[in-house]
Amino acid sequence: MSEDCLFCKIVEKSDPATLLYEDEQCVAIQDIFPKAPVHFLVIPRQHFSGALEVDGAREQLVGHLVAVAARLARENGVAEKGFRLVFNTNAHAGQTVFHLHLHLLGGQALGGMA
Ligand code: AMP
Ligand code: ZN
């Protein structure tokens, strides 16, 4: 738990969110400003700022986040046509919340990436 971290507060349920899934390692919520018809965030309960801090035991945790996102993609009907999983990291990627989170985007053609 990091004070003044929005996603810590959501994980702790002291701030509201539309909860889609939770287990002992992570929660999944609806993104409040969706950029696609399906836009979910898979958030570890443990606070760390982003992908640059993934090492050691966190490698397995991040694999779990991907597995949860894949399950949500299947359950929400976007698996077959396709979806995107994104970890925005620092300024050029537009990261705004510095508690690691995995974006799941789908439900429409998402456009190419450079
Ligand atoms: P990022 O830019 O990768 O740091 O992503 C942060 C995401 O969190 C953005 O897509 C925001 O729309 C989303 N977001 C911000 N505040 C909330 C909130 N209270 N509940 C759900 N999603 C949020
Ligand atoms: Zn946090």
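Residues numbered from 1 in each chain as written. Chains lettered and ligands numbered in written order. Predicted model: local features only at pLDDT ≥ 70, side-chain atom pairs only at ≥ 80, totals over all residues. Heavy atoms only, no water.

K.L.:
Quick question: what am I supposed to make of the coordination of the zinc ion (ligand 2) here?
P.N.:
The reference angle at a metal is 109.5 degrees if four donors form a tetrahedron and 90 or 180 degrees if six donors form an octahedron. Within the first shell, the zinc ion (ligand 2) binds the protein through Cys5 (SG), Cys8 (SG), His47 (ND1) and His99 (ND1), at distances of 2.0 to 2.3 Å. The coordination sphere of the zinc ion (ligand 2) comprises four donor atoms, whose angles at the metal cover 107 to 116°; the geometry is tetrahedral. Between the donor residues of the zinc ion (ligand 2), the gaps in sequence give the motif C-x2-C-x38-H-x51-H. Taken as a pair, histidine 47 in the loop between strand E3 (38-44) and helix H2 (58-75) and histidine 99 in the loop between strand E4 (83-86) and strand E5 (102-106) lie far apart in primary sequence, 52 residues in all. Relative accessible area serves as the criterion here: at 25%, histidine 47 is assigned to the partly exposed category. Exposure remark for histidine 99: the relative accessible area of 0% places this residue in the buried category. (Donors = N, O, S within 2.8 Å, 3.2 Å for Na, K, Ca; no water. Tetrahedral: all angles 85-135°; square planar, octahedral: opposite > 155°, others 65-115°. Helix = DSSP H or I, 4+ residues; strand = E, 2+ residues; numbered from the N terminus. Buried < 20%, exposed > 50% of the residue type's maximum accessible area, 1.4 Å probe, protein only.)

K.L.:
Before we go on, may I ask you to explain the sheet that holds strand E2 (residues 26-30) in this structure?
P.N.:
Backbone-to-backbone hydrogen bonds pair the strands of a sheet. The strands run either parallel or antiparallel. In space, the five strands of this open sheet follow the order E1-E2-E3-E5-E4, with antiparallel pairing throughout. The strands lining the two open edges of the sheet, one partner per strand, are strand E1 (19-22) and E4. Strand-to-strand twist in this sheet, taken as the mean axis angle between neighbours without regard to direction, amounts to 20°. Pairing geometry for E3 and E5, over five bridges, is antiparallel. Within the sheet, the bridge partner assigned to leucine 41 lies in E5 and is histidine 103. Contacts from H2 reach E1, E2, E3, E4 and E5 within the one sheet, and its direction differs from that of E3 by about 155°. (Pairing = 2+ DSSP bridges. Axes fitted to C-alpha atoms, helices over the stretch in contact; angles between N-to-C directions. Contact = heavy atoms within 4.5 Å.)

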